[in-house]
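Structure at a glance
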Amino acid sequence: MVRFENVGMRYGSGPEILRDISMSLAPGSFHFLTGPSGAGKSSLLKLMYLAERPSRGLVNLFGKDIATLPRQELPPLRRRIGVVFQDFRLIDHLSAVDNVSLPLRVAGLPEEEIRSHVTELLRWVGLADHLNARPATLSGGQQQRVAIARAVISRPSLLVADEPTGNVDEDMGFRLLRLFDELNRLGTTMVVATHNERLVARFNHPRLHLENGELRLERGALGGTA
Amino acid sequence: MLRRRLDVPLDRDGSVRFVPWVIALMVYLAAVMLATGIVVSGAVSRWDRSLAGTLTVELPPVKAGVADGMDKVVALLRATPGIEKVEPLAAEQTSALLRPWLGAEFSAADLALPRLIDVHIDPDAPPDTKALAEELATMAPGATLDDHHLWLDGLIRIARTIEIVTAVIILLIGGAAVLTIIFATRTGLAIHHGVIQVLHLIGARDGYIAAQFQWQALMLALRGGLVGIGLAALTLFAIGHAAEATRLQGSEGGLLPSVQLALPGWIALALLPLLAGLIALITARITVLRALARMP
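All figures in this text were calculated on a predicted structure; none of them were measured in a lab.

The rules behind these values
Residues numbered from 1 in each chain as written. Chains lettered and ligands numbered in written order. Predicted model: local features only at pLDDT ≥ 70, side-chain atom pairs only at ≥ 80, totals over all residues. Helix = DSSP H or I, 4+ residues; strand = E, 2+ residues; numbered from the N terminus. Rg over C-alpha atoms; globule rule 2.2 N^0.38 Å. Buried ≥ 20, exposed ≤ 12 C-beta atoms within 10 Å, placed from the backbone. Contact = placed C-beta atoms within 7 Å. Nonpolar A, V, L, I, M, F, W, Y, C, P; charged D, E, K, R; others polar. Pairing = 2+ DSSP bridges. Axes fitted to C-alpha atoms, helices over the stretch in contact; angles between N-to-C directions. pLDDT = per-residue confidence, 0-100. Parallel < 35°, antiparallel > 145°, perpendicular 65-115°, else oblique. Expected span 1.5 Å × (residues − 1). Arc of directions from axis to C-beta. Core = buried A, V, L, I, M, F, W, Y, C linked by C-beta atoms within 7 Å.

1. Notes on the overall build of chain B
When you go through chain B residue by residue, the secondary structure sums to 8 helices and 4 strands. Traced from its N-terminal end to its C-terminal end, chain B shows the element sequence α-β-α-β-α-β-α-β-α-α-α-α. Taken against the 2.2 N^0.38 rule, which gives 19 Å for 296 residues, the C-alpha radius of gyration of chain B at 31 Å runs more than 25% over that of a compact globule. Seen through its C-alpha atoms, chain B measures out along the principal axes to roughly 100 × 40 × 25 Å. Split into buried and exposed, the 296 residues of chain B put 31% on the buried side. For chain B, restricting intrachain contacts to residue pairs at least 6 apart in sequence, the fraction spanning at least 24 positions comes to 84%.

Structure follows, in structure tokens:
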């Protein structure tokens, strides 16, 4: 599903943020990505959701080498990846329904099909009363759920979440991770970057720990591995 | 018409509000230039057509009672192959030609005027004018043959220069329109970079994102183009009306060419807003695609 070999990454001519990262995530696996601030977690996730290209090494997603893939073949690949951004990145002038509809709309699905799917999902995440609300009128937790709904609406094969619980309280954070757990059970490969050790400890998933630009795999609290 | 839902909120941008006004001004200038080119081109064609089939024979003035050789010259012309019609102008007709300059009281008897013969030739098989001129000079010393090309060539040269200048100005206006759209599109790309990045990362193809900009640019340019062509039509109507009034006031026919546009001219002008829209659409699309090509 996701394979990195000796991946290095730097921004421009700056220092190397990631060094010799090698890992392989199996389909249907669930990994937490932990590490101190500035360790390169967001950069590693950006490589996974194709927002950046590595400076060196091999990144292979869904069996395809990203370095050799023509640019026009990247959009279909991106549609197989759901992303929950740390800052949500909801589009301010669009309603909750329209924000969540975007991945289906760019994929060219018919409008009536999009509407029914999106409405159903927003009900499922508890936003039935806020379908037409603009992001600015929603609370942090509600925006978080809209962002998650947008990431999962197209049933992605891989879901990457960058600090998805950073803006919500402990209880809401736990409920969101339960939602990810549910998605994982339905077959989605999950990578969740978080600082929240208490939440990580409540789930039996292995963690990828990133520190000083280097990555190591740690087993889950109950010995769970990829 | 063409109202589309925009994922990128370009319709709320203050930065693009100036675009329709700039396009309106450009379409206005282009329309006036195009109309000038069409009128000049039409006038030259008319002059060319009306003069290409005619010659004028001029016999020098003679004293009263002296034979001017008019009859012999007319006979020679009528016998020349390629000449269809020979029409000597009566003294009164010659006077009428000079009356606009010399006044209504002017009479042919006041001046020694040359005698003129209007000759219509077959444009498909014209006579040899050089040989004819020599024959005429032998028959009636001082007689000249004018095929009008001397001054018509000069007029055509001036007209062609005006056509080229108007075409260059229209191209420059088009270039300025392209630069305006590029600037507005780049501003939009910078303002909405965050939204564009989200669309890019959720799998939108470059063409999907470019479409947001290109349809917006088309609508803005069409809106501006319609205002510009409306103002240009008013201006051209006003100029046409004033010119016609001048022609009617002056001599019959007059020296001024008609500045009224025919239907094809109006159709060409009506296409300008569509052309502006097309230029805006293509420019915005290319600008966005080039910018997106720099994204991973």
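Now that the structure is up, let's keep going.
2. Quick notes on the overall build of chain A
On a plain count of helices and strands, chain A comes out with 7 helices and 10 strands. Taken against the 2.2 N^0.38 rule, which gives 17 Å for 226 residues, the C-alpha radius of gyration of chain A at 17 Å falls within 12% of a compact globule. Expressed along its principal axes, the backbone C-alpha trace of chain A runs to roughly 45 × 40 × 30 Å. The burial tally for chain A puts 42% of its 226 residues in the buried class. Long-range pairs, those at least 24 residues apart, make up 65% of the contacts in chain A with a sequence separation of at least 6.

3. Looking at the environment of E197 of chain A
If you trace the backbone, E197 of chain A turns up in helix α7 (residues 197-201). Each C-alpha atom, one on E197 of chain A and one on T34 of chain A, is 8.4 Å from the other, the two residues being 163 residues apart in sequence.

4. Considering the interface of chain A and chain B
At the junction of the two partners, chain A supplies 18 residues and chain B supplies 14 residues. Taken together, the elements giving at least two residues each to the side of chain A that touches chain B come down to α2 (74-78) and α3 (96-106) of chain A. Tallied by class, the residues present in the side of chain A that touches chain B amount to 12 nonpolar, 1 polar and 5 charged.

5. Observations regarding the sheet that holds strand β2 (residues 83-88) of chain B
Neighbouring strands of a sheet are bound in pairs by backbone hydrogen bonds; such pairs are parallel or else antiparallel. All names here are of chain B. The sheet built from 4 strands is open, its strands ordered β2-β3-β1-β4 with antiparallel pairing. The sheet terminates laterally at β2 and β4 (144-146), the two strands that pair on one side only. Shown here is a sheet whose adjacent strand axes are inclined to one another by a mean of 20°, direction ignored. Inspection of the sheet shows strand β1 (residues 54-59) paired to strand β3 (residues 115-121) by 6 bridges, in the antiparallel sense. Paired with L55 across the two strands is V119, which belongs to β3. Contacts between helix α4 (residues 129-139) and the sheet are confined to β1 and β4, with β4 contributing the most and set at about 155° to the helix.

6. Brief notes about the environment of L58 of chain A
Residue and element names in this part refer to chain A. With respect to the helices and strands, L58 occurs in strand β4 (residues 56-61). Judged by C-beta crowding, with 15 C-beta atoms within 10 Å, L58 ranks as partly exposed. Linking L58 and R3, residues 55 residues apart in sequence, is a C-alpha distance of 7.9 Å. Excluding anything up to four places from it in sequence, L58 contacts E5, V7, D65 and A67.

7. A short note on the confidence of the model for chain B
Here chain B shows a mean pLDDT of 85. Residues at 70 or above account for 90%. Taken together, the chains of this predicted complex give a pTM of 0.78 and an interface ipTM of 0.90.

8. A few points about the packing of helix α5 (residues 140-152) of chain A against helix α6 (residues 170-185) of chain A
All names here are of chain A. Orientation of α5 relative to α6, taken along the N-to-C sense of each, is 10°, at an axis distance of 12 Å. By the angle between their axes, α5 is roughly parallel relative to α6. Side by side, α5 and α6 meet where G141, Q144, I148 and V152 of the first sit next to M172, L176, L179 and L183 of the second. A per-class count over the contact of α5 with α6 returns 6 nonpolar, 2 polar and no charged.

9. Concerning unusual backbone geometry
All names here are of chain A. One non-glycine residue, R89, lies in positive phi territory at about 55°. Looking at where R89 falls in the secondary structure, it is placed in the loop between β6 (81-84) and α3. Although it is not a glycine, R155 adopts a positive phi angle of roughly 50°. C-beta crowding within 10 Å serves as the criterion here: with 14 such atoms nearby, R155 is assigned to the partly exposed category.

10. A word on α6 of chain A
Residues and elements named next belong to chain A. Helix length check: α6, at 16 residues, gives a terminal C-alpha distance of 22 Å against a target of 22 Å (1.5 Å per residue), a fit within 8%. Taken as a whole, α6 has its buried residues at G173, L176, L177, F180 and L183. For α6, the angular spread of the buried residues around the axis is 110°, confining them to a single face. Along α6, exposed side chains directed more than 90 degrees from the buried face belong to D171, R178, E182 and R185. The secondary structure elements touched by the buried residues of α6 are α5, β7 (158-162), β8 (189-193) and α7.

11. Looking at the nonpolar core
Buried together is how nonpolar side chains tend to be arranged in soluble globular proteins. Residues V160 of chain A together with V27, A31 and A280 of chain B are the most contacted members of the largest nonpolar core, which totals 116 residues. Ranked by residues supplied to this core, first place goes to helix α1 (residues 19-52) of chain B with 16 residues. In contact with A31 of chain B, not counting residues within four places along its chain, are G228, I229, A232, L269 and L272 of chain B. By size, the runner-up hydrophobic cluster in this structure holds 13 residues, among which are L55, L59, V73 and L132 of chain B.

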